[in-house]
Amino acid sequence: MLKTMNQLRLLSRLRSTPRWIALFSILLLAVRAESAHAQDTTMQALRQRGITVSAAEILQRLRESGLSREQVRQRLRQAGYDPNLADRYFDELAKPDSVVGGRRLPGLAEPLPRPGGNLLQALASIGLIPPGSQADSVLDRPIRRPVRDSLEKATPQVFGKELFAATTTEFQPIMIGPVDPGYRLGPDDEVRLIVTGDVETGYNLTVTREGYIVIPEVGRVDVGGKTLEEAKRLMNTRLARVYSGIQTGATSFDLSVGRLRRNLVTIIGDVDIPGTYPVSGGATVFNALYLAGGPSDHGSFRSIDVKRENRVIGQVDLYDYLLRGDKGGDIRLEQGDIIFVPVVLRRVTVTGKVLRPAIFELKPSETLSDVLMFAGGVGAEAALERIQIDRILPAGQRSPGMDRTFVDVPIESLRAGAPIPLHDGDHITVFAISGERRNRLTVSGDVQYPGVYEFRPGMTAQQLIQNAQGLLSTAYTPAAHIVRLNRADSTTSMVRISLSDANSPNHASRVQLLDLDELVIYSRPQLINPDSVQVFGLVKREGAYAFSDGLSVQDLVLQAGGFREGALTTQAEVARRRTNVTVRGDTLADVFRVPLGLAIGDSLGRSVQEFELEPGDQVFIRRLPGYLPLQTIEVLGEVVYPGSYTVEADDERISHLIRRAGGLSAQAYARGLQLIRNGKQVGVNLPAALERPGGPNDLIVRPGDRLTIPFYDPLVLVTGAVAFESLVRFEPGLGVEEYLRRAGGTLPEADRDRISVRAPNGELRTTRSMLSFTRYPRLNREV
């Protein structure tokens, strides 16, 4: 907007200037506008592709490269760019103050302008920044393209789209290096002529706008529109007129392209980033499409038109390259070429067991066989009986409720070469073969290698066990089972076999298996209930333990990790069930008190005869009489010495604990004492407890209690169904109604018969109503 206003002001001034000056200025404005438009188009394309490079980063790149100004100029000249593009940045580097770590230091002049797209492409072509860089900082981030999320990747994508979305240099235009003999010369190309032999000389010659070059002593040579090969033949003729050694072979010459020209081409239609792009003279349609992000989701990959001088000079099919790597159909671009990507006309989707599921574009003559070829063919798991097409019916074939249909294509039709036509929107599914596996046997249980094995006719259960490398030592051999599938009704039957009785007709060596049989080998430890004993009480790991012959109480305590603190280590109690209980009233268990030996130093000593346990025994380790662990109580808030205190006696009371804490501080609010026991608040009248120790208000404390004495806060919180929840300053003599009034009064839905007052110590006072009289709780300093 600001540029437009400035140009309008300039045009208004030109009205008062001489005619030729005005015309020249208007022409200059037009040229600048065209240049600015091309620059803006380039920058727009760069921004849309994520390229954001700051001037400070370019300064740091130049400094770290170690290249001089002249070296950078030479590289830019060789790449076909203005050699002075980076001079402004070298001027900044030459100043005393510079940029360090991407931050401008005090003393620099006006800030550098934001780098333009032409400069970024030039620096990329000579290797100072990564080609197509799209990091926020090209100094520390790699080149990345947008990546579709995992949910999007789970659905078929347009075939070929990923090629333009990925990071690649495959389609970067040729900027430096030799060109092929078919390169067609044009204005602004720089050719290098080197003559050797009898005459040693060389020239860098620029093709003029009229298409010719001027060679000293030779004159004008028209090379515009000619290929490099044609120009060499023409040059041979022209040089032979001046240098006689050309014909005899005493003198030879070489003609090559030094700096490629820059062409502006337009990419329109269904592409991701349409616009006008500057490309090198060696760029092709593939190069230009990559700059524009490739065809859009609705753009054609198969019929891309290249227009030159208002006529179509060729059509590019990207599938030639994508499927066969054939770039023969690619077209080299010229100044002013237009690349038009039309809307795709016919697409089909291929899913299932193909090597390359995707959405493919079809030409009118292509059929189902072509699409399967595009998809890489069917996979090894594909079911070859049929291929199904989910088709949207053409408009003329639709009826109410009949818009889609299925078409099953027998695979024999494809093998016979019959063309199967397809419609736009067809969804082709290649199904997978069944997961059912035949010719298999399964063995499970106590064998060395349980699993699935090959079935062979006449195979016995013994042979299957041998294939599984034999039985485990824990295998139960008197019996095993074969689970057999009845194919007629899908039920199962069970065949019992023996693994140990060699004379039995059902021995494993005599029982033949059928396909899909499962042999189950059982485990002895799993079939029996293991004997165990249990230990309870003050041991570190209570629970059940496996019984072993000779197991004593001392051994069981060792397995349980030893005694816990406070355990009675001199004696244990063992309970043993009776097995001969016959009538009600009989004794169910015998209880033994077992001495454990020395209690100190060798609590599991062997100084007494050990008591051996039997299966099912229960051992109890009791607490040492009179043992009580040290337990604490927390006293917090406004006391002289807040902290944790050990309970001195079973009957220690609150008043005694407060005295141990140094008494209350000057700011303490005794009426607000909070006693938390088992997570619940207990109301306590601390002043009464301190005034009368041992009285009814002086409660006995319990381990784990927490006492908190707050400081005096002369505020009353009014909350609930009131106009404004408020903190109101306490004033002696004020009633509940006055506090409600200061909080804006009650709301219409308020229940005034259920107003309650909670004191800081947790006591709750509620409203009392009798007949038509209502008595609200009192508030006093204790609240």
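As a starting point, this report considers the structure included with it. (Residues numbered from 1 in each chain as written. Predicted model: local features only at pLDDT ≥ 70, side-chain atom pairs only at ≥ 80, totals over all residues. Heavy atoms only, no water.)

### Here we look at the overall build of the protein
Step number 1: Each helix and strand counted, the protein has 20 helices and 38 strands in total.
Step number 2: Split into buried and exposed, the 783 residues of the protein put 39% on the buried side.
Step number 3: Nonlocal contacts in the protein, meaning residues at least 24 apart in sequence, comprise 57% of its contacts between residues at least 6 apart. (Helix = DSSP H or I, 4+ residues; strand = E, 2+ residues; numbered from the N terminus. Buried < 20%, exposed > 50% of the residue type's maximum accessible area, 1.4 Å probe, protein only. Contact = heavy atoms within 4.5 Å.)

### Examining the nonpolar core
Step number 1: Counting residues in each nonpolar core, the largest one holds 50 residues, and the members touching the most others are Leu-289, Phe-360 and Ile-428.
Step number 2: If you tally residues by element for this core, the top one is helix H11 (residues 285-291), at 6 residues.
Step number 3: Those residues in contact with Leu-289 that sit more than four places away from it in its chain are Phe-164, Ile-267, Val-271, Gly-294, Ile-304, Leu-318, Ile-339 and Val-341.
Step number 4: In this structure, Val-195, Tyr-203, Leu-205 and Ile-215 belong to the second largest nonpolar core, which totals 24 residues. (Core = buried A, V, L, I, M, F, W, Y, C linked by side-chain atoms within 4.5 Å.)

### Quick look at the side chain of Ser-523
Step number 1: Within the secondary structure, Ser-523 is located in the loop between strand S22 (518-521) and helix H16 (524-527).
Step number 2: In this structure the side chain of Ser-523 is engaged in a polar contact, spanning 3.2 Å, whose partner is the side chain of Asp-446.
Step number 3: Setting aside residues no more than four positions away along its own chain, Ser-523 makes contact with Asp-446, Thr-474 and Tyr-476. (Polar contact = N/O pair within 3.5 Å; in protein donor to acceptor, adjacent residues only side chain to side chain.)

### Description of helix H9 (residues 228-242)
Step number 1: Over its 15 residues, H9 runs 21 Å from end to end, which matches the ideal 21 Å to within 8%, given 1.5 Å per residue.
Step number 2: For H9, every residue scored as buried is listed here: Leu-228, Ala-231, Met-235, Arg-238, Leu-239 and Ala-240.
Step number 3: On its buried face, H9 is in contact with strand S3 (190-197), strand S5 (212-215), strand S6 (219-222), helix H10 (245-248) and strand S7 (251-259). (Expected span 1.5 Å × (residues − 1).)

### Let's talk about the sheet that holds strand S32 (residues 706-709)
Step number 1: Sheet architecture is open: 5 strands sit in the order S29-S28-S32-S30-S31, paired in mixed fashion. On the outer flanks of this sheet lie strand S29 (643-646) and strand S31 (680-683), each paired with one strand and no other. Direction aside, the axes of adjacent strands within the sheet are offset by 25° on average.
Step number 2: Two elements, strand S28 (residues 632-637) and S32, share 4 bridges in a ladder whose sense is parallel. From the neighbouring strand, Gly-637 faces S32, where its bridge partner is Ile-709. (Pairing = 2+ DSSP bridges. Axes fitted to C-alpha atoms, helices over the stretch in contact; angles between N-to-C directions.)

### Things to note about the pattern of salt bridges
Step number 1: Tallied over the entire structure, the rule returns 28 salt bridges.
Step number 2: Note that Arg-73 and Asp-87 form a salt bridge whose closest N and O atoms lie 2.6 Å from each other. Taken as a pair, Arg-73 in helix H4 (residues 69-78) and Asp-87 in helix H5 (residues 87-93) lie far apart in primary sequence, 14 residues in all.
Step number 3: The buried category is assigned to Asp-87, whose relative accessible area is 12%.
Step number 4: A salt bridge links Asp-317 to Arg-302, with the shortest nitrogen-to-oxygen separation between them at 2.9 Å. Taken together, the residues Asp-317 in the loop between strand S11 (311-316) and helix H12 (318-324) and Arg-302 in the loop between H11 and strand S10 (304-308) connect sequence positions 15 residues apart.
Step number 5: On the basis of relative accessibility, which here comes to 10%, the residue Asp-317 falls in the buried class. (Salt bridge = Lys/Arg side-chain N within 4 Å of Asp/Glu carboxyl O.)

### Side note on the packing of aromatic side chains
In this description, an aromatic ring pair is defined by two values, namely the gap between the centres and the angle between the planes.
Step number 1: Per the counting criterion, the structure on display carries 8 aromatic pairs.
Step number 2: Ring geometry for Phe-159 against Tyr-319: centres 5.2 Å apart, planes inclined by 85°, an arrangement best described as edge-to-face. Of this pair, Phe-159 sits in the loop between helix H7 (150-153) and helix H8 (161-165) while Tyr-319 is found in helix H12, placing the two residues 160 residues apart along the sequence.
Step number 3: Residue classification places Phe-159 among the buried residues on the basis of a relative accessible area of 10%. (Phe/Tyr/Trp six-rings, centres within 6.5 Å; stacked < 30°, edge-to-face > 60°.)

### Brief notes about the sheet that holds strand S4 (residues 201-206)
Step number 1: One open sheet accounts for 3 strands, arranged S4-S3-S7; its pairing is antiparallel. Looking at which strands have only one partner, the edges of the open sheet turn out to be S4 and S7. Ignoring strand direction, the axes of neighbouring strands in this sheet form an average angle of 15°.
Step number 2: H9 rests against S3 and S7 of the sheet, and its axis sits at about 140° to S7.

### Some thoughts on the pairing of strand S8 (residues 262-269)
Step number 1: In the sheet, S8 pairs with strand S9 (residues 275-280) via 6 bridges, with the strands oriented antiparallel. Each bridged residue has a counterpart across the sheet, and for Asn-263 the counterpart in S9 is Val-279.
Step number 2: Inspection of the sheet shows S8 paired to strand S12 (residues 338-341) by 4 bridges, in the parallel sense. By the bridge assignment for S12, Ile-268 is matched with Phe-340.

### Points about the environment of Phe-536
Step number 1: Within the secondary structure, Phe-536 sits in strand S23 (residues 532-537).
Step number 2: Separated by 24 residues in sequence, Phe-536 and Ala-560 place their C-alpha atoms 9.4 Å apart.
Step number 3: When residues no more than four places from it in sequence are discounted, the contact partners of Phe-536 are Glu-542, Gln-618, Val-619, Phe-620 and Ile-621.

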